[in-house]
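# Descriptive structure summary
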Amino acid sequence: MQLDPESAIRTNTCILIGRLAPSLGYNTKRKVLVPAFARALKDTFVHARVAGLMAFMATIDIFDVEDIAKNVIPCVSSVLLDKEKYVERYIVRTLF
């Protein structure tokens, strides 16, 4: 569903995965969450990118330090250069 042509479906899929994350098994979390949220961060639809950021933030306690350093930070760092003001405001409001 993250490849659906409808942007709202892609966005809501990311939100749903983020909400289901706590109930997933350990191995499933490691294999599914980072790629799913990373895909959302690369989406052309602004709200999907924000949903990816929100999902990472909502589930950050699920990841261990190694996963954060190797997988999460590189994904999120690319969004720091996002030219869309909505994404930029969300990042600034969240980080500061």
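Residues numbered from 1 in each chain as written. Predicted model: local features only at pLDDT ≥ 70, side-chain atom pairs only at ≥ 80, totals over all residues. Heavy atoms only, no water.

### A short note on the overall build of the protein
For clarity, the cut-off: Secondary structure counts use DSSP, requiring at least four H or I residues in a row for a helix and at least two E residues in a row for a strand, with both numbered from the N terminus. Put simply, the radius of gyration uses C-alpha atoms, and a globule should come to 2.2 Å times the residue count raised to 0.38. Relative accessibility thresholds used throughout: buried, under 20% of the residue-type maximum; exposed, over 50%; partly exposed, between the two (1.4 Å probe, protein chains only). Should any heavy atoms of two residues lie within 4.5 Å, those residues are considered in contact. Note on areas: Shrake-Rupley, 1.4 Å probe, and residue coverage restricted to the protein chains presented here.
What the protein contains, in helices and strands, is five helices and zero strands. Starting at the N terminus and walking to the C terminus, you meet the elements of the protein as α-α-α-α-α. The globule rule puts the C-alpha radius of gyration for 96 residues at 12 Å, and the 13 Å found for the protein is close to it. By its C-alpha atoms, the protein is 35 × 30 × 20 Å across when sized along the principal axes. Taken over 96 residues, the protein has a buried fraction of 39%. Sequence-distant contacts, at least 24 apart, represent 53% of the contacts inside the protein between residues at least 6 apart. Of the roughly 6200 Å² that the protein leaves accessible, carbon and sulfur atoms contribute 61%.

### Comments concerning the environment of glycine 18
Mapped onto the elements, glycine 18 comes out in helix H1 (residues 7-20). For glycine 18 and threonine 59, which are 41 residues apart along the polypeptide, the C-alpha to C-alpha distance reads 6.8 Å. The contact partners of glycine 18, leaving out residues within four places of it in the chain, are Phe37, Ala55 and Thr59.

### A short note on the layout of surface pockets
Here is the rule: Grid spacing is 1 Å over the protein atoms alone, the probe is 1.4 Å, and a cavity is where that probe fits but cannot get out, while a pocket is an open set with protein on both sides within 12 Å along at least five of seven lines and lining residues have an atom within 4 Å of a point. Grid points are joined across faces, edges and corners, and a volume is the space filled by probe spheres set on the points. Classification convention: Asp, Glu, Lys, Arg as charged; Ala, Val, Leu, Ile, Met, Phe, Trp, Tyr, Cys, Pro as nonpolar; all other residues, Gly among them, as polar.
Roughly 180 Å³ of internal volume is contained in the second largest pocket. Looking at the lining of the second largest pocket, the elements with two or more residues in it are H1 and helix H3 (46-58). The leading source of residues in the lining of the second largest pocket is H3, at six residues. When its residues are assigned to classes, the lining of the second largest pocket shows seven nonpolar, three polar and one charged.

### Description of the confidence of the model for the protein
It should be kept in mind that the predicted coordinates are not to be read in detail where pLDDT is low. Applicable threshold: In predicted models, pLDDT denotes the confidence assigned by the predictor to each residue on a 0 to 100 scale.
With 98% of its residues at a pLDDT of 70 or more, the protein shows a mean pLDDT of 90. Mean pLDDT across the elements of the protein ranges from a minimum in helix H5 (residues 85-95), with 76, to a maximum in H1, with 95.

### Remarks on empty space enclosed by the protein
In this structure the tally under the stated criterion is two cavities of 30 Å³ or more. Tyr26, Lys29, Arg30, Ile62, Phe63, Asp64 and Asp67 together form the lining of the largest cavity. Element by element, the count of residues in the lining of the largest cavity is highest for helix H2 (residues 26-41), at three residues. Residues of the lining of the largest cavity, tallied by class, amount to three nonpolar, no polar and four charged. Empty space within the second largest cavity amounts to approximately 30 Å³. Looking at the second largest cavity, the residues that line it are Gln2, Arg10, Cys14, Arg39, Ala40, Asp43 and Ala48. At the level of secondary structure, the elements contributing two or more residues to the lining of the second largest cavity comprise H1 and H2.

### Considering helix H4 (residues 65-79)
Quick reminder of the rule: The span expected for a helix works out to 1.5 Å for each residue beyond the first. The angle between axes fitted to the seven-residue stretch ending at a residue and the seven-residue stretch beginning at it gives the bend at that residue.
The terminal C-alpha atoms of H4, which comprises 15 residues, lie 20 Å apart, in line with the 21 Å expected from a rise of 1.5 Å per residue. A maximum bend of about 40° is found in H4 at valine 72, where proline proline 74 lies one to four positions downstream. Every buried residue of H4 is listed here: Asp67, Val72, Cys75 and Val79.

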